[in-house]
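Residue-level listing of the chains:
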Amino acid sequence: MTVSALTRPGERDRLVVKIAEIDWLFALALCLIAGAGALMMFSIAGSSWDPWAAKHLSRFALCFVLMIGLAMIDLRVWFAIAYPLYGIGLLLLVAVEVVGDVRMGAQRWLAFGPFSFQPSEIMKLGIVLALARFYHGISADSARLSWWLLVPAAMIGAPTVLVMHQPDLGTAMLIAMTGVAIVVLAGLSWRIIFAGIAAFVVAVPPLVMFVLHDYQRKRVLTFLDPESDPSGSGYHILQSKIALGSGGFFGKGYGLGSQSQLNFLPEKQTDFIFATLAEEFGFLGCFSLLFLYAAVIFMALRTSALAHSHFGRLSAAGTTATFALYVLINGAMVMGLAPVVGVPMPLLSYGGTVMLTVMIGFGLVQAVRVHRYSEVTSGKGALM
Amino acid sequence: MAEPSIFFSEVNERQGVFHRRMFLLGGIAGLGLGALGARLAHLQIIETQRYEKLSASNQFNFRLVPPPRGLIVDRNGAILASNRPNFRLLVTREDNSTDIEGTLKTLSTFVPLDEARQLRLIKDIRQTPKRVPVSVAEDMSWEEFSAINVRAPELPGVTADMGEVRVYPHGGAFAHVIGYVAKVNREDLTPTGPNSDPILLNPGFRIGRQGVEKAFDLDLRGKAGARKVEVDANGREVRQDEAGDIPSTPGKRIELTLDVDVQNRALEVMGDESGAIVMMDCRTGDLLCMASSPSFDANRFVKGLSGPEYRALAQYERKPLLDKVMTGTYPPGSTFKPTVALAALTAGIDPEVRIHCSGGWYWGGRTWRCWKHGGHGSQNMHDAIKNSCDVYFYQTALRMGPDPIAKAAHAMGFGQIFDIGIPGQKKGVVGSREWKRKAVKREPVWQPGDSVSYGIGQGYVAVNALQLAVMTARLANGKKALNPRLIKSVGGVEMPHGDDAPDLPFSKEQLDYVRGGMVAVANDTGGTAYRQSQLGLGDIQMAGKTGTAQVRSYAGLASRSSAGVTWRLKDHNLFVAFAPVDDPRYAVAVIVEHGGLGGATAGAPRAREVMRVALMKDPELRSRIETAMPMPEAPEPMEAEGVAPGAPTVTPAPAPAPAAPAAPTTTTGGAV
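Structural notes, computed from the coordinates. Just so you know, the residues in each chain are numbered from 1, in the order the chain's sequence is written. Just so you know, chain letters begin at A and ligand numbers begin at 1, following the order they were written in. A pLDDT threshold of at least 70 governs which residues receive local features in this predicted model, and a stricter bar of 80 or more applies before side-chain atom pairs are shown or counted, although totals over entire chains, interfaces and linings include all residues. Processing note: side-chain calculations cover all non-hydrogen atoms of the structure and skip hydrogens and water entirely.

## Considerations on the sheet that holds strand E11 (residues 275-281) of chain B
Residue and element names in this part refer to chain B. We apply this condition: Should DSSP find at least two bridges between two strands, the strands are taken to pair. Each helix is a run of H or I in the DSSP string that is no shorter than four residues. Each strand is a run of E no shorter than two, and both are numbered from the N terminus. Axes, fitted as lines to C-alpha atoms, cover a helix only where it is in contact. Angles between the N-to-C directions of the axes lie from 0 to 180 degrees.
Read from one edge to the other, the open sheet built from five strands follows the order E12-E11-E23-E22-E21, with strand pairing classed as antiparallel. With one partner strand each, in any of the chains shown, strand E12 (287-293) and strand E21 (543-549) form the two edges of the open sheet. The mean inter-strand angle of the sheet, taken between neighbouring strand axes irrespective of direction, is 5°. The pairing of E11 with strand E23 (residues 586-592) spans seven bridges and is antiparallel.

Shown next as structure tokens:
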């Protein structure tokens, strides 16, 4: 197949062509990250595939297939389901408020027969698609500074407040920051950006003091002074730093991390799996992993830059922003640079929901890549 | 970008803004990742040593290993206190969520744990700091131990281990001297000093509570070792690192001067009686026996005594918990007479000046009775000691006044606390003019009548059994003011001997004279304890002095006999003795509380039995016992003493010894 062949009409709609258009280097990076996660899970389970490693790998395999499948879906379909998905996500968030299960002290889960899931995960994708679609329909001037901006403000505000109320500070932050990232990418006026940053800086201390739940406030305060309570709230941060620091340059060796093997490290297979890896593989391992993450982020951003439609650009970039936020927040938390919030390291951490969300997002990114020449209507909804 | 689809300039403007902003956000993400990398480098390269240390202190833990408590042995190395293995069941509270009730319920299927005990343990475990094990059951059988060990992994916080427990193989025989160990109380723990040692929190640890165990607690304790173990976050042991173990230092071995056989025999002969027997080596001052009766089983105190058990001991009128050797003080009665005699000799009173005893002496408006109603007749000092004539000593004491007697009494060791290494001695009372001025506020002036009773060891004089033995040993030694010694060595270091002492302030002749009187007491057929003092060991003879300590006023009583009187009101019965008379080796003092009148009845036979054990154990004397004895001739028992035998006279048959059914005897010497 030659490049010229791709210019033939209809050629790009062929499945083989579509599959070939997927960024396979990107896919390889994802596989490496997930593989590293499984490797660590195997180690901390005492060299056993049970209970985490095997499940992690099989889940990833399913999600990977799903990602390829989603990449085949035309951008116009994504465009069409953007608002409905956002609407459903918002409805479910309200539903969870009313009938949701309380697990581990927070109301986040909604049960559908044997399945239970967190509607906030749908919202992570929903907010990206909905905002991308909205900005697709307005002019650069409107996106810069106009009354139209009240719409994205409301679109971000509603789910953020609902998720915050569950309470799930990590996800709420993630949704809000993803939304803000898209708004900024779409060309928000610098004046508003700086004003927003200033307002945020002023608003955070009272917010921490009066709006947050006790346990959330405690996490933030302990973060500011972790030594104040080394066996209580500061325990997680301290143990994580010990795991990281004691790993040194080369690490303690595979299967020899005492912090994780002896359970000093909390949540060692989920939120703190990065510390597990850091302990056993040291700075070399950590640096390689961060490099992989950086590669994933920049390949995804490049994909977004390739897209011809504004919807494609914004949705791919927004998804990438979510992913990057995951990595940065979790990394900062594990290294003691941020308070402990329940944000996992994507693909590395054990846990099906986040993996599913992230891989659906990457499905969207690949769909943008595969369909980067697709025209999406500039109108308000109908397929072209 | 040669795509034909871009035809809106506005769209191109949107694209331009997006690209610029995307580079910006990409840059921010890059910066963020770079910051993470820098942080990693900081933690993992620059600060790694600090975190390695923290990680190691997380991972490795030192578990204290209690040191074996030092042994306590007698003078021949026989064990008086040792340790035996003990299978214990321990429960540790790992965090506040540990289900203690459930755990105990499960454990009750393995070992007997009734409801009440479970409740008490739950309280104990809650009060104990986290991760400090609490003992739930002791002395489990091997079957119980192994059954629990197999199940232990499923029972969080439960461990079964082998500890050591103190054991006293002779039960109660040494309970007062050695004392016992017991659980550590909260009050024992101090923030500094030796009792701040964390080993005290170890569930098997016991602290010395009485006697030698208490006084030498720190020597016996030893130094705790440690076991290096790898633990998980819950403090549970994962692996053991034997190379990192620090061995414990066992406690020091303490050697006492006591002799197991003598002590056991002493307690045996005391039977149900209440009292004390003290034996001392007349040459070295070593204490061979310090028995207080009745005693108690120290092993029960190690386990912890139940309330009713303790009350039964504490409320018994014969006071098993009281150490009658050191803590109980008694009027010495007639056992004080040798001391008074020494005082008289020092004061220049001629021992051959005779005093007539008619069974009483009218002086100061009342009659001072002699124990013998019929009277002793004419008595010199030797006779007066032999017969324990009260009238002689009434008059002699009155003549001297209290101060020479007090001086002699102090010289003989009365009114004094000896440094024998363990606490608990009562000083007693040695009366003198000055003492009375200070101590008796009600009537500070010494009355002549006080001297009269002082002469026979009543009134302002009280002594303990140890002092009596010291007095006897000093008298028997004939030269040195011996000090008693109980602790022979601590950890192999010999303690100072008791014979490293100044000489007595009496001449050899004076001491010989008084001893001669005591020889007569036991060997002169007319002596007050002749019949009870025959050792039956060849030619070895014992010398002694009887005594009766009055516990009630005899005024208005027809008879001083104790027969038929309530136990509590009977006289104390005392006896001091030493043997062999020709070369004194052992001195013994016996006090039988409420044993009845006259030291011969209750005290002397017991002294004799204990003395026999000590003599027969002595290899030197053993050979003497085994040599052929010359055929008995006309008894001349006092020849060896160098005392001028008095003109042998036949006296009328003496009145029966008060509390003993006596056969009339004929004396052959001494009496006039």
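Next, the rest of the story.
## Comments concerning the interface of chain B and chain A
Interface size is commonly expressed as the accessible area that is lost once the parts come together. Going by this rule: Note on contacts: a residue pair qualifies if any of its non-hydrogen atoms lie within 4.5 Å across the two residues. We define buried area as the total accessible area lost by two parts upon association, computed with a 1.4 Å probe and summed across both. Salt bridges are defined by distance alone: a side-chain nitrogen of Lys or Arg within 4 Å of a carboxyl oxygen of Asp or Glu. Whenever a nitrogen or oxygen atom comes within 3.5 Å of another N or O atom, the pair is scored as a polar contact, on the condition that within protein one atom can donate a hydrogen and the other can accept it, and that pairs from neighbouring residues in sequence are kept only if both atoms are in side chains. Only Asp, Glu, Lys and Arg are considered charged, only Ala, Val, Leu, Ile, Met, Phe, Trp, Tyr, Cys and Pro nonpolar, and every remaining residue, Gly among them, polar.
Contact residues are listed per partner, giving 40 residues for chain B and 57 residues for chain A. Here chain B and chain A share an interface that buries about 4,200 Å² over both sides, 68% of which is from carbon and sulfur atoms. The tally of links between chain B and chain A comes to zero salt bridges. Inspection of the region where chain B meets chain A yields 16 residue pairs in polar contact (both at pLDDT 80 or more). Secondary-structure elements contributing two or more residues to the side of chain B that touches chain A are helix H1 (9-46), helix H2 (48-59) and strand E8 (225-231) of chain B. Broken down by element, the residue count for the side of chain B that touches chain A peaks at 25 residues, all from H1(B). The residue inventory of the side of chain B that touches chain A, partitioned by class, reads 19 nonpolar, 12 polar and nine charged.

## Some thoughts on the packing of helix H6 (residues 119-136) of chain A against helix H8 (residues 150-164) of chain A
Residue and element names in this part refer to chain A. Inclusion rule: The scheme is simple: roughly parallel for angles under 35 degrees, roughly antiparallel for over 145, roughly perpendicular for 65 to 115, oblique for anything else.
Relative to each other, H6 and H8 sit at 175°, their axes nearing to 10 Å. What the angle tells us is that H6 and H8 run roughly antiparallel. Touching Ser120, Met123, Ile127, Ala130, Leu131, Phe134 and Tyr135 of H6 are Val151, Pro152, Met155, Ile156, Pro159 and Val163, all from H8. Residue composition of the contact of H6 with H8, by class: 12 nonpolar, one polar and no charged.

## Examining the pairing of strand E19 (residues 487-490) of chain B
All names here are of chain B. Alignment of strand E10 (residues 254-256) against E19, held across three bridges, turns out to be antiparallel. Bridge pairing in E19 links Leu256 to Ile487. Pairing geometry for E19 and strand E20 (residues 493-494), over two bridges, is antiparallel. Note that in E20 the partner of Val490 across the bridge is Val493. Remark: two residues form the turn of the hairpin made by E19 and E20, two consecutive strands paired antiparallel; Gly491 in that turn has positive phi of roughly 60°.

## Some thoughts on the packing of aromatic side chains
Convention followed: Geometry of aromatic contacts follows a simple scheme: Phe, Tyr and Trp rings, the Trp one being its six-membered ring, pair when their centres are within 6.5 Å, and the pair is stacked under 30 degrees between planes, edge-to-face over 60, tilted otherwise. Buried means the residue's accessible area, taken with a 1.4 Å probe over protein chains only, is under 20% of the maximum for its type, while exposed means over 50%, and partly exposed covers the values in between.
The final tally for this structure, using the stated rule, is 28 aromatic pairs over all chains. Between Phe26(A) and Phe362(A), the ring centres sit 5.0 Å apart and the planes meet at 85°, which makes this aromatic pair edge-to-face. With a gap of 336 residues between them, Phe26(A) in helix H3 (residues 24-44) and Phe362(A) in helix H16 (residues 352-370) connect regions that are remote in the sequence. With respect to class, Phe26(A) is no different from Phe362(A); both count as buried. Both rings, one in Tyr180(B) and one in Phe301(B), keep their centres 4.3 Å apart while their planes meet at 40°; by these two values the pair is tilted.

## Let's talk about H16(A)
Since the α-helix turns once every 3.6 residues, residues separated by three or four places project in the same direction. The test is simple: A helix is expected to span 1.5 Å multiplied by its residue count minus one.
Here H16(A) spans 26 Å end to end across 19 residues, near enough to the 27 Å set by a 1.5 Å rise per residue. Burial analysis of H16(A) places 15 of its 19 residues in the buried class, the great majority of the element.

## Examining the packing of helix H9 (residues 169-185) of chain A against helix H15 (residues 310-334) of chain A
Residues and elements named next belong to chain A. Threshold: For any helix crossing, the convention is left-handed if the near helix is rotated counterclockwise from the far helix by under a right angle, and right-handed if that rotation is clockwise.
Contact pair H9 / H15: the axes reach a minimum separation of 9 Å and the direction vectors enclose 135°. The angle between H9 and H15 falls in the class oblique. Seen along the crossing, H9 lies across H15 with a hand that is right-handed. On H15, the residues that touch Met173, Leu174, Met177, Thr178, Ala181, Ile182 and Leu185 of H9 are Leu314, Ala317, Gly318, Ala321, Thr322, Leu325, Tyr326 and Ile329. Among the residues forming the contact of H9 with H15, the class breakdown is 12 nonpolar, three polar and no charged.

## Things to note about empty space enclosed by the protein
For the record, the criterion: For each structure, a 1 Å grid was placed over the protein atoms alone; sets of points admitting a 1.4 Å probe that cannot get out are labelled cavities, open sets with protein on both sides within 12 Å along at least five of seven lines are labelled pockets, and lining residues have an atom within 4 Å of a point. Grid points are joined across faces, edges and corners, and a volume is the space filled by probe spheres set on the points.
For the structure on display, the rule yields two cavities of 30 Å³ or more. Put simply, the largest cavity is a space of about 110 Å³. What lines the largest cavity is Lys124(A), Leu125(A), Val128(A), Thr319(A), Thr322(A), Phe323(A), Tyr326(A), Thr357(A), Val358(A), Gly361(A) and Phe362(A). When residues of the lining of the largest cavity are traced back to their parent elements, those giving at least two are H6, H15 and H16 of chain A. Classifying every residue of the lining of the largest cavity gives six nonpolar, four polar and one charged. The space that makes up the second largest cavity amounts to roughly 30 Å³. Forming the boundary of the second largest cavity are Leu80(B), Tyr168(B), His170(B), Gly171(B), Phe174(B), Ala175(B), Ile178(B), Gly179(B) and Ala298(B). Counted by class, the lining of the second largest cavity contains six nonpolar, three polar and no charged residues.

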